[in-house]
Amino acid sequence: MKDFIIFDTHSDTMSELLNQNKRLSENDMHIDMKRMSEYKSYTQVFAAFIDPEYKDCAMERAEQVIGCFYRETEANGITVCRSYSEWERAKTPVKAFLSLEGGEPIGSIEDLHKLYGLGVRMIALTWNFRNRLACGVCEEEDTGLTDFGRRIVREMDRLGIILDVSHLSPKSFWDAAEIWDKPLCASHSCSKTVHDHVRNLTDEQFLKIKESRGVVGINFYPDFLGGDIGDIKRHIDRFLQLGGEDNIGLGSDFDGVERLPAGVNGVQDMDKVIMSLPYETKLREKIAYRNFLRLFKEYDC
C-alpha cells in the first residue's frame, strides 16, 4: 500500500477504453483499477472527451463515454461522486468524478441540464478548436466566447458545474473569467513562462485563476512541460513564485497523450511525482490533493 492521497483532475481513460475495447480493471494504458488501488486514496476526474471526429454526433458520443464510465466504475467498486459531500462520505479508497472535455454536445440549455443529470460536474468548453460555445487555442482567429457560450457559462454557474478553462483561447479565457464569480479551474495546463506552448497559461491567466481561488492541474505531457519529470517542478516553481501555493494541483492527462515524461509510466508513478518535489510535506499534500479538494468543496462538487 502506498501511503499517498492523490486527486487528479484530468484523464481521457474512459474514451480510450471505448476506442481500444479494454477494461478498467487491468490494462496496458496509463490508468487501471489495479494500480489505483495501491494508494491509500485515489480520486480521478474522468473526462468524456469529444474528439472532433464525433462533432456531428457529439451528444451520442458523450452518452457512450458516460455509459462506459458508469459500467467500469460499478464493475470495479469505485465510488462515483457528484458532490464533495459524496466524496467525504465515500468508503472506497478509489473515487471518481465525471467531466466533459469539449462542449460540442451542448446545443441548448436543455442539453446542459441533461449532462448535469448524467453526473457531469466539470466542463471544458472547447478542446483545441472553435465550437458553438467558444474558441479553442489552436484557432488562428480568436473570436472568444459566443453569445450562446455566455448563456451556457452563466447556467453552469447557476447549476454549480466547475468551469474548466484548459484549451480555451486567450479571448475565450478572459471572456469567461469576466462573467464567472466562482473559482476557476484549469484541469490540465502548465506555465507558458516556463515553456512557450500555445496550450500553456500566461502568468496573467494564472494570476486570474489564483485571484478567483481556483486551481491549475499540472499536465504531464512532455510537449507542454518541455522535458522530463524534473520539469514538472519547474512549472510548479513558477506558479509558486506567483504566490500560488493554494492554487496548484495535478492534471496528468493520462491516456490523453501519446507519451509521458521519462520516469512516469502511468498512475503507478504518481507517488514518484510527489516525492520528486523538494518541498515540505504540507505543500506536497496541497499539490497532491488538498488544493483541488478545497475547490470541489467550495462548489460542494
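Residues numbered from 1 in each chain as written. Predicted model: local features only at pLDDT ≥ 70, side-chain atom pairs only at ≥ 80, totals over all residues. Heavy atoms only, no water.

S.K.: I'd like to hear about the state of the cysteines, residue by residue, with values.
M.R.: According to the stated counting rule, one finds 0 disulfides in the structure shown. No disulfide involves Cys68; its nearest neighbouring cysteine sulfur is the one of Cys57, lying 16 Å away. Unpaired in terms of disulfides, Cys190 finds its nearest cysteine sulfur in Cys185, a separation of 13 Å. In this structure Cys190 comes out as buried when scored by relative accessible area, which is 0%. (Disulfide = S-S within 2.5 Å. Buried < 20%, exposed > 50% of the residue type's maximum accessible area, 1.4 Å probe, protein only.)

S.K.: A description of the environment of Thr43 should follow, citing residues and the corresponding values.
M.R.: Mapping Thr43 onto the fold places it in strand 2 (residues 39–49). Residue class for Thr43 comes out buried when judged on its relative accessible area of 1%. With 147 residues separating them along the chain, Thr43 and Cys190 place their C-alpha atoms 21 Å apart. Apart from residues no more than four positions distant in its own chain, Thr43 is found in contact with Ile6, Phe7, Asp8, Trp87, Lys95 and Phe97. (Helix = DSSP H or I, 4+ residues; strand = E, 2+ residues; numbered from the N terminus. Contact = heavy atoms within 4.5 Å.)

S.K.: Which residues make up the side chain of Arg35, and what values do they have?
M.R.: Mapped onto the elements, Arg35 comes out in helix 2 (residues 33–36). Reaching out from Arg35, the side chain makes a polar contact with the backbone oxygen of Met29 at a distance of 2.8 Å. (Polar contact = N/O pair within 3.5 Å; in protein donor to acceptor, adjacent residues only side chain to side chain.)

S.K.: Give me the packing of aromatic side chains: which residues, what numbers.
M.R.: For any two aromatic rings, the description comes down to two numbers: the centre-to-centre distance and the angle of the planes. Across all of its chains, the model carries 14 aromatic pairs by this definition. Centroid distance Phe69 to Tyr70: 5.0 Å. Interplanar angle 80 degrees. Geometry classified as edge-to-face. By relative accessible area, which is 0% here, Phe69 ends up buried. Take Tyr70: its relative accessible area is 26%, and that puts it in the partly exposed class. Each ring, one from Phe173 and one from Trp174, has its centre 4.9 Å from the other, and the planes form 80 degrees; the classification is edge-to-face. According to the relative accessible area criterion, Trp174 is partly exposed, its value standing at 36%. (Phe/Tyr/Trp six-rings, centres within 6.5 Å; stacked < 30°, edge-to-face > 60°.)

S.K.: Pulling in residues and values, what's your account of the pairing of strand 2?
M.R.: For strand 2, a buried count of 10 out of 11 residues is recorded, marking the element as mostly surrounded by other parts of the structure. Here 6 bridges tie strand 1 (residues 2–11) to strand 2, and the two strands are oriented parallel to one another. Bridge pairing in strand 2 links Phe7 to Thr43. (Pairing = 2+ DSSP bridges.)

S.K.: Any details on the packing of helix 5 (residues 109–117) against helix 6 (residues 147–159)? Residues and values, ideally.
M.R.: At a minimum axis distance of 10 Å, the contact between helix 5 and helix 6 shows a crossing angle of 35 degrees. Crossing geometry of helix 5 relative to helix 6 is assigned as right-handed. In contact with Ile109, Leu112, His113 and Tyr116 of helix 5, helix 6 contributes Arg151, Ile152, Glu155, Met156, Arg158 and Leu159. In terms of residue class, the contact of helix 5 with helix 6 is built from 6 nonpolar, 1 polar and 3 charged. (Axes fitted to C-alpha atoms, helices over the stretch in contact; angles between N-to-C directions. Left-handed = near helix turned anticlockwise from the far one by under 90°. Nonpolar A, V, L, I, M, F, W, Y, C, P; charged D, E, K, R; others polar.)

S.K.: Can you lay out the environment of Asp255 for me, pointing to particular residues and giving the numbers?
M.R.: Secondary-structure assignment places Asp255 in the loop between strand 9 (248–250) and helix 11 (270–275). Considered as a pair, Asp255 and Ile31 are 224 residues apart in the sequence and their alpha carbons are 7.3 Å apart. Among the polar contacts listed, one links the side chain of Asp255 to the side chain of Thr13, at a separation of 2.7 Å. At 3.3 Å, the side chain of Asp255 forms a polar contact with the backbone nitrogen of Ile31.

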